[in-house]
Amino acid sequence: MHRLMAEDLVDEYRLLTFPTVLGTGRRLFPAEGPHADLECRSVRQIGAAVLGTYRRAG
């Protein structure tokens, strides 16, 4: 996925988030990676999780 992001080939992100804190791991949008200018398209709750849809702004 990071290679697709680096080549600017991602038009939409769908992130399923669970309320869990793990503390470590790779970041989806690292500080040294390409800038992601996104706008929130929708957010909905699915059980204990949240599904957020984001598209490139512009």
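Please refer to the structure higher up on the page.
A brief structural summary.

What counts and what doesn't
- Residues numbered from 1 in each chain as written.
- Predicted model: local features only at pLDDT ≥ 70, side-chain atom pairs only at ≥ 80, totals over all residues.
- Heavy atoms only, no water.
- Patch = residues over 30% accessible without salt bridge, like charges linked within 9 Å, V, L, I, M, F, W, Y side chains within 5 Å.
- Areas by Shrake-Rupley, 256 points an atom, 1.4 Å probe, with all protein chains shown as cover.
- Salt bridge = Lys/Arg side-chain N within 4 Å of Asp/Glu carboxyl O.
- Helix = DSSP H or I, 4+ residues; strand = E, 2+ residues; numbered from the N terminus.
- 1 Å grid on protein atoms, 1.4 Å probe; cavity = no way out; pocket = protein on both sides within 12 Å on 5 of 7 lines; lining within 4 Å.
- Points joined across faces, edges and corners; volume = space filled by probe spheres on them.
- Nonpolar A, V, L, I, M, F, W, Y, C, P; charged D, E, K, R; others polar.
- Pairing = 2+ DSSP bridges.
- Axes fitted to C-alpha atoms, helices over the stretch in contact; angles between N-to-C directions.

### Structural notes on a nonpolar patch on the surface
So, step 1. A surface patch of nonpolar side chains, about 290 Å² in accessible area, is lined by L16, F18 and I46.
So, step 2. Position of L16 relative to the elements: it lies in strand β1 (residues 12-17).

### Things to note about the layout of surface pockets
So, step 1. In this structure, the largest pocket occupies an estimated 170 Å³ of space.
So, step 2. If you go around the largest pocket, the residues you meet are M5, A6, D8, L9, V10, Y13, P34, H35, A36, D37, L38 and R56.
So, step 3. Of the residues belonging to the lining of the largest pocket, the class tally is eight nonpolar, one polar and three charged.

### Topic: the sheet that holds strand β3 (residues 49-56)
So, step 1. The strand order β1-β3-β2 describes an open sheet built from three strands, whose pairing is antiparallel. Pairing within the sheet leaves two strands with one partner each, and these edge strands are β1 and β2 (38-46). Strand-to-strand twist across the sheet, computed as the mean angle between neighbouring axes with direction ignored, equals 15 degrees.
So, step 2. Here β1 pairs with β3 via six bridges, running antiparallel. Bridge assignment links L16 to a residue of β3, and that residue is L51.

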